[in-house]
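Listed below are the residues making up each chain.
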Amino acid sequence: MDLLEREAAAQTLAGAFDAAAQGRGSTLLISGEAGIGKTALLTHFAGTVAPARVLWGGCEALFSPRPLGPLHDFAADLEPSLLERFGQEGQRAPLFAGVLAALSESPVPTLIVIEDLHWADAATLDLVKFLARRLGRVNALMALTYRDDEIGEGHALRLVLGDLQGRTTRRIAIPPLSEDAVRELADRAGHPADGIHTLTGGNPFFVTEVLRTSGLPASILDAVMARMARQSDAVRLLLEFVAIVPGRLERRLLERALEPDEESMQQALGCGLLLDEGDCFAYRHELARRAAEQAIAPSRSRRLHARMLEALEAWPQAASARRVHHAAAAGDDAAALRHALPAAQAAISHGAHREAASLYGLALSRGGALDPATRADLHERHAYECYLTSQLPAAITSREAALGIWRELGAREAEGRSLRWLSRLHWYSGNTPEALQYADVAIALLDQGDEPTREAGWAFSNRAQLDMLAERYAGALAHGTRAISIAERLGDQELLAHALNNVGTSLELSGDGRGRADIERSLAIALEHGYEEHVARAYVNLVSNAFFTLDYARARATYAEAGLYFAARDLDSWDRYIHAMMTCIDFDSGRWDEAGESAGRILSLPQAPSIVRIPALVTLARLRYCRGDSGGAALLAEAERLAMQTGELQRIAPVLVAVYEAAWIERRSMENHDALHAAYALATAARNPRWTDELGFWLWRAGAGDAVIPRKDSPQALQRAGYWRVASAAWKQLGFPLYQATALMDGDEPALREALAIFSGLGASALENGCRDQLRRLGARGVPRGPRAETQRNPSGLTVREIEVLGLLAQGLSNAQIAKRLVRSEKTVDHHVSAILGKLGVRSRTEAAAVAHGSGVSLI
Amino acid sequence: MSRFIVERTFPAGLAVPVSSDGAKACAGIVVNNAEHGVTWVQSYVSADKTRSFCVYDAPSPEAIRQVARRNDLPVDRITAVSDLSPYFYL
């Protein structure tokens, strides 16, 4: 069978598979509406690859999909020992690694097909992401199909697609057939072509159905109904039974449920709706299955689901997710409840938390007959899974329900636990006053007797965390210390890791250097016990504390370490959080190109949370204002809106600094300083060193009031006192070139000329122009027009590429080696080298290398 | 995609010879631009050849600066602009 108008897609597939066969694996994302021919394309292609191994898996439209269903489909073909790791807590990382290893070690290339990814469970999406990032050097091609019209904003797959970018991922969108192609298909079938293209919109499956029917059915449903209507009752029952099962139906289940006679089976298989895959049956297409399913009367459908459930219950290997699906559809509450709990457990052990949440939700909706304690426990599990998947309103509702039950039962520990969780959930929802209230009620309830319990410890640590986040460090220390002593008495390592982090961070940010040791101890405990969330939180606080105390060398070193930890575990959201903060650090350090590139990449991510977007927006806005490029204002406006929503100083302060800096660059005066005053008040109350200095500085610059800069030796305080030269030297020492130069703008003509040179080196055209104007006003003569940034940085007039070549040459590399390193031809490198020798005025490579070492170029 | 005016300064003057070398230089720039989704639409050069005003289509100012670095071209300032024609209302 040849496929019409699929040549381009087939070529891309073949090209990608050839590359994979040579050890350059990749991922293909194949999208299109239902019936457009994604499966047909892949089936056709799979028939042409040899020698190769083809692994085929699919996701199904179950109420809650089987965790890792597609992997389950092909694990036995890939490496049978993988099956042993299924459904075991903590075996996910080794399971994924095992899949990758089995692919890498294969002597023949592998084609992995995962179909209908829009129905995938969270664990399968994680697997896809894991493999997509690592296939670059594996002889395997992963082809993924999904319906792009079924993933709205916020669909889990959309986030994954956003992550799958870069050179090892390609996309194929399958378009509808043209009118010509439809005509050709009609001609081949001896069918009049009139009206078919309009009716079907060029959807190949629909076209095929129409061509198989006499006359022109109005829809796929009509086409399928027409076919079913011709069958006997016994055959129709078989067809309907297959229709109520998403995906495939095993022969053994069908035989157990209906005990069909051989003749009816043959007729059902022969009527053109079903595919016989040996031990399984399936509709020729999901569209046909859905059409057939829709045509079944509700009462009849419930009876069929009940029969299917019975068959599944008698078959131990059946995934619980399938039993839940049919129990719910059969309206059998008891069975739904019975199967939902193991199904949720299975989902959790695979990390499919969204599925677990919906299964617990289903159990709760069918669990009217449960005793109160069991019900409260179920609410707590549901709430936890909702919390993990950011479904905060549902999590709060379930925690409240649990709280009510525990309170009625007089279970104090459990009641306190529910209160503490409500506190956390309200903080996550941005409702800080409510969070504090719950936190205090929890403490009042649990802090009784001489030997406080574990729950009391968590209540204290939770309150300490809230205090820390709101920059109330004294409160954080008091509560955190209580939590630490409880944790140490009980030997509870997780509580200890949590509490040490809050205490250490609060100490360090209130100026006590001992705090760092506490955070590092928290990190060590979390690493030892594998508490990923606490490891991540320790890294985040280590980096942000270094950011607040201007210790950028430490911030970079910690991020380098944290990045490795996150990358190995695909902890993307934590990585992004720190990465966004690093754009500010790069900007301050004068690495503007890197800062701009990273910030742009972060802002292009779909659905990045505010706390990630804000620093990236600020960095890019500052970059554009300093360079004199357009677009800074819109970025700042968004940053300001997002930051104000959080109400947290650490988000608001950098935005306000950028707003005032932009106004200063453009010589605008700000009309209203309320926001700056409010933030400054927060900063002084918290005694946050960085933001009191920066906000106080801008209050002074903007003439907005008598702000005090408490740290008398800070560069800003020195600047304000008129010691601009000392301030500039301090910034230079700290490695802040932009501030080093702006400090000089309060100075005399030589200082302004120095500032001009620094701005020019940074490429800060807007500031360069401002500096020139100021020089002219001072009556300075011969103010330079400002040569380009590149030549300013290196007096010999070398281009960026030439500097790069010179650096490698100075390391003793030959032209051939340099060419290889830069992926350029040797001839090009020869040209560069002679240009370098000419510009430097030297005669040999050795002399050029000596110049390079003298000027520091070799370090670039 | 937005439209931008890119202002450049060439202290030593801009020289693009009307020859195969000039053509090659321009073609090289176009190829580098394309890799970052940047399109050079047209340029206006001052009489003394020390300044140029270039019309570009690009996803962001950063993209223009990135290709400018690869092309070894200076950039002073990048301004987002929209097209306005005096004959629009006629």
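Quick note: structure is the one above.
Our subject in this report is the structure included herewith. None of these values were measured; they are calculated from a predicted model.

**Observations regarding the pairing of strand S4 (residues 140-146) of chain A**
Residue and element names in this part refer to chain A.
Here comes step 1: With seven of seven residues buried, S4 is to be regarded as a mostly interior element.
Here comes step 2: The alternating pattern of S4 places Ala140, Met142, Leu144 and Tyr146 on one face and Leu141, Ala143 and Thr145 on the opposite face, and all of these are buried.
Here comes step 3: Two elements, strand S1 (residues 26-31) and S4, share six bridges in a ladder whose sense is parallel. Looking at S4, one finds that Thr27 is bridged to Met142.
Here comes step 4: Strand direction decides the pairing type here: strand S3 (residues 110-115) and S4, joined by five bridges, are parallel. Looking at S4, one finds that Ile114 is bridged to Leu144.
Here comes step 5: Handedness of the crossover joining S3 and S4 through helix H5 (residues 122-134): right-handed.

**Section: the nonpolar core**
All names here are of chain A.
Here comes step 1: Counting 103 residues, the largest nonpolar core has Ile578, Trp691, Leu695, Leu738 and Phe759 as the members making the most contacts within it.
Here comes step 2: Ranked by residue count, the leading element in this core is helix H33 (residues 649-665), at 11 residues.
Here comes step 3: Here Leu738 is in contact with Phe587, Trp592, Arg622, Cys626, Glu661, Phe759, Leu762 and Leu767, once residues within four sequence places are set aside.
Here comes step 4: Counting residues in each nonpolar core, the second largest holds 59 residues, with Leu68, Leu95, Leu100 and Trp119 among its members.

**A look at helix H12 (residues 251-258) of chain A**
Residues and elements named next belong to chain A.
Here comes step 1: Every buried residue belonging to H12 is among Leu253, Leu254, Ala257 and Leu258, and all of these are buried. Relative to the axis of H12, the buried residues are bounded by an arc of 100° and lie together on one face.
Here comes step 2: Packing partners of the buried residues in H12 comprise helix H11 (233-243), strand S6 (249-250), helix H13 (262-270), strand S8 (280-283), helix H15 (298-313) and helix H16 (320-330).
Here comes step 3: Directly beyond the C-terminal end of H12, a positive phi value near 45° is found at Glu259.

**Notes on the pairing of strand S1 (residues 2-9) of chain B**
Residue and element names in this part refer to chain B.
Here comes step 1: Where S1 lies against strand S3 (residues 51-58), eight bridges are found, and the strand directions are antiparallel. Residue Arg3 lies in a different strand from S3, and its bridge partner there is Asp57.
Here comes step 2: Bridge analysis of S1 against strand S4 (residues 77-81) gives five bridges, and the strand direction is antiparallel. Across the sheet, Val6 pairs through a bridge with Ile78, a residue of S4.

**With respect to the packing of aromatic side chains**
Residues and elements named next belong to chain A.
Here comes step 1: Per the counting criterion, the structure on display carries 20 aromatic pairs over all chains.
Here comes step 2: Each ring, one from Phe17 and one from Phe45, has its centre 5.9 Å from the other, and the planes form 80°; the classification is edge-to-face. Residue Phe17 is found in helix H1 (residues 7-21), and its partner Phe45 is found in helix H2 (residues 38-46); the two are separated by 28 residues along the sequence. Of the two residues, Phe17 and Phe45, neither departs from the other in class, the shared state being buried.
Here comes step 3: Between Phe697 and Trp698, the ring centres sit 5.3 Å apart and the planes meet at 80°, which makes this aromatic pair edge-to-face. The residues Phe697 and Trp698 share a single accessibility class, namely buried.

The rules we used
Residues numbered from 1 in each chain as written. Chains lettered and ligands numbered in written order. Predicted model: local features only at pLDDT ≥ 70, side-chain atom pairs only at ≥ 80, totals over all residues. Heavy atoms only, no water. Buried < 20%, exposed > 50% of the residue type's maximum accessible area, 1.4 Å probe, protein only. Helix = DSSP H or I, 4+ residues; strand = E, 2+ residues; numbered from the N terminus. Pairing = 2+ DSSP bridges. Right-handed = clockwise from strand over helix to strand, strands pointing away. Core = buried A, V, L, I, M, F, W, Y, C linked by side-chain atoms within 4.5 Å. Contact = heavy atoms within 4.5 Å. Arc of directions from axis to C-beta. Phe/Tyr/Trp six-rings, centres within 6.5 Å; stacked < 30°, edge-to-face > 60°.

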